[in-house]
Amino acid sequence: MNRREVKKAPVLRFKGFTNDWEQRKFENLVSRLSKTSNNESLPNVTYDDIKSKENSLNKDITELTHGKKGIHFNKDDILFGKLRPYLGNILLARFNGIAVGDFWVLSPKDNNISSFLFDLIQTSKFKYISNLSSGSKMPRSDWNLVSKASFWVPIQQEQNKIGKIFQLIDNLVSLQQRKLKLLRTLKSGLSFKLFNKKHLNNLSQISLDQIGQTYSGLTGKSKKDFGHGHAFYVSYLNVNQNEIGNPKQIDRIEIDKKQNLVQKNDIFFTISSETPEEVGLTSLWPVSCKSLYLNSFCFGFRINTKMFIPLYLGYLFRSEYFREKETVKSFV
């Protein structure tokens, strides 16, 4: 039986490309720039200016500082944070500037496409090699290891296609992140307007025990009881992170009839945390689930009156106003 020819290329490719990919050392793909400058007309990029693992600036270019000494870079050069490389401080430059601090400034060699190389250094293989760092307290990537590592690369035209598709996806992600930021700002503004002291202090006061009762989370459990079984429990992280609980973020545990069961529209309160700011965070449970318990670092609150809409209380209890008070204000 004839064996099919094995191509040295990925299975998924753009139409029209059939060439084998070539294995090349990283030092043959990029030049590591070292020319320093303190040109005051050029913006400076520091470690703190890059969003870790998001490959973007955390501020507008016009807000960057000027006048510091560092390595000069041009548009389409790559800034790779060699200090604590696991942080993922990397940037594909869209402007000329000065990289200060612990960056490698990498410029494409031999007509290689910078956007493709930018994607290459985010692969698991490159991350593994760059994390084989020197130093224990302040680890840095070892250029001798990284530069000698070999990677499979295609011809320039295919690099360009690959770079463009990932760049398009990155742009879409950035757009959605900006939309998300605007929506969070809108939500914060609405919460401030609806649940502010001036508005709610004029309303009548009702204590929690007048509208419901509390119950405890899991008790008498050890580490071996979790991760298996025919029941589920709501994790502490689920409560901490979500104003409205996430039904997909539950974990397995054995059925135990001695424990309190969770019901739809119960509100959970965190009672333990490493920081004071995370104590008393609440989460409304939105669905009915059979054999569902609450973690031991929270307690549950079950509403026993139709005076309040549970969804309203879910957001009220999470507001800054409520977290400063021991009573709930009602509209009656």
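Cut-offs applied
- Residues numbered from 1 in each chain as written.
- Predicted model: local features only at pLDDT ≥ 70, side-chain atom pairs only at ≥ 80, totals over all residues.
- Heavy atoms only, no water.
- Helix = DSSP H or I, 4+ residues; strand = E, 2+ residues; numbered from the N terminus.
- Rg over C-alpha atoms; globule rule 2.2 N^0.38 Å.
- Buried < 20%, exposed > 50% of the residue type's maximum accessible area, 1.4 Å probe, protein only.
- Contact = heavy atoms within 4.5 Å.
- Lys, Arg positive; Asp, Glu negative; His and termini not counted.
- Charge placed at Lys NZ, Arg CZ, Asp CG, Glu CD.
- Phe/Tyr/Trp six-rings, centres within 6.5 Å; stacked < 30°, edge-to-face > 60°.
- Pairing = 2+ DSSP bridges.
- Axes fitted to C-alpha atoms, helices over the stretch in contact; angles between N-to-C directions.
- Patch = residues over 30% accessible without salt bridge, like charges linked within 9 Å, V, L, I, M, F, W, Y side chains within 5 Å.
- Areas by Shrake-Rupley, 256 points an atom, 1.4 Å probe, with all protein chains shown as cover.
- Salt bridge = Lys/Arg side-chain N within 4 Å of Asp/Glu carboxyl O.
- Core = buried A, V, L, I, M, F, W, Y, C linked by side-chain atoms within 4.5 Å.

Caption draft 1: Expanded view of the overall build of the chain. Counting secondary structure elements, the chain contains 8 helices and 21 strands. Over its C-alpha trace the chain gives a radius of gyration of 27 Å, far above what one expects of a compact globule, namely 20 Å for 332 residues. The C-alpha extent of the chain, read off along each of the three principal axes, is 75 × 65 × 45 Å. For the chain, the proportion of its 332 residues judged to be buried stands at 39%. Intrachain contacts of the chain at a sequence separation of at least 6 include 73% that bridge at least 24 residues. Each charge class in the chain can be summarised by its mean position, and for the 50 positive and 31 negative side chains these summaries are 4 Å apart.

Caption draft 2: Local environment of the packing of aromatic side chains. Throughout the structure, instances matching the rule amount to 16 aromatic pairs. Centroid distance Tyr 236 to Phe 297: 6.5 Å. Interplanar angle 85 degrees. Geometry classified as edge-to-face. A residue pair is termed long-range when its members are at least 10 positions apart, and Tyr 236 in helix 6 (residues 236–241) and Phe 297 in the loop between strand 19 (292–294) and strand 20 (298–303) qualify at 61 residues. Given the relative accessible area of 47%, Phe 297 is considered partly exposed.

Caption draft 3: Highlighting the sheet that holds strand 15 (residues 226–234). If you trace the 3 strands from one edge of the open sheet to the other, you get 16-15-19, paired in mixed fashion. One side of each edge strand has no neighbouring strand; the edge strands of this open sheet are strand 16 (250–253) and strand 19. Across the sheet, the mean angle separating the axes of adjacent strands is 55 degrees when strand polarity is ignored. Taken together, the 3 bridges between strand 15 and strand 19 define a ladder with parallel strand orientation. When the sheet's bridge partners are listed, Phe 232 is paired in strand 19 with Leu 292.

Caption draft 4: Region of the structure containing a nonpolar patch on the surface. Taken together, Phe 14, Ile 165, Phe 166, Leu 168, Ile 169, Leu 172, Val 173 and Leu 175 make up a surface patch of nonpolar side chains, about 650 Å² in accessible area. Its location among the elements puts Val 173 in helix 4 (residues 156–194).

Caption draft 5: Broad picture of the nonpolar core. Phe 26, Leu 106, Phe 116, Leu 120, Ile 121 and Phe 126 are the most contacted members of the largest nonpolar core, which has 24 residues in total. Within the residue set of this core, elements represented by two or more residues are strand 8 (78–81), strand 9 (90–92), strand 11 (103–108), helix 1 (114–120), helix 2 (124–130), helix 3 (143–148) and strand 12 (150–153). Among the elements that make up this core, the one with the highest residue count is helix 1 (4 residues). In contact with Phe 126, not counting residues within four places along its chain, are Phe 26, Phe 80, Leu 120, Ile 121, Val 146 and Phe 151.

Caption draft 6: Structural detail: the pattern of salt bridges. For the structure on display, the rule yields 9 salt bridges. Asp 76 is paired through a salt bridge with Arg 94; the nearest N and O atoms lie 3.5 Å apart. In this pair, Asp 76 sits in the loop between strand 7 (70–73) and strand 8 while Arg 94 sits in the loop between strand 9 and strand 10 (97–99), placing the two residues 18 residues apart along the sequence.

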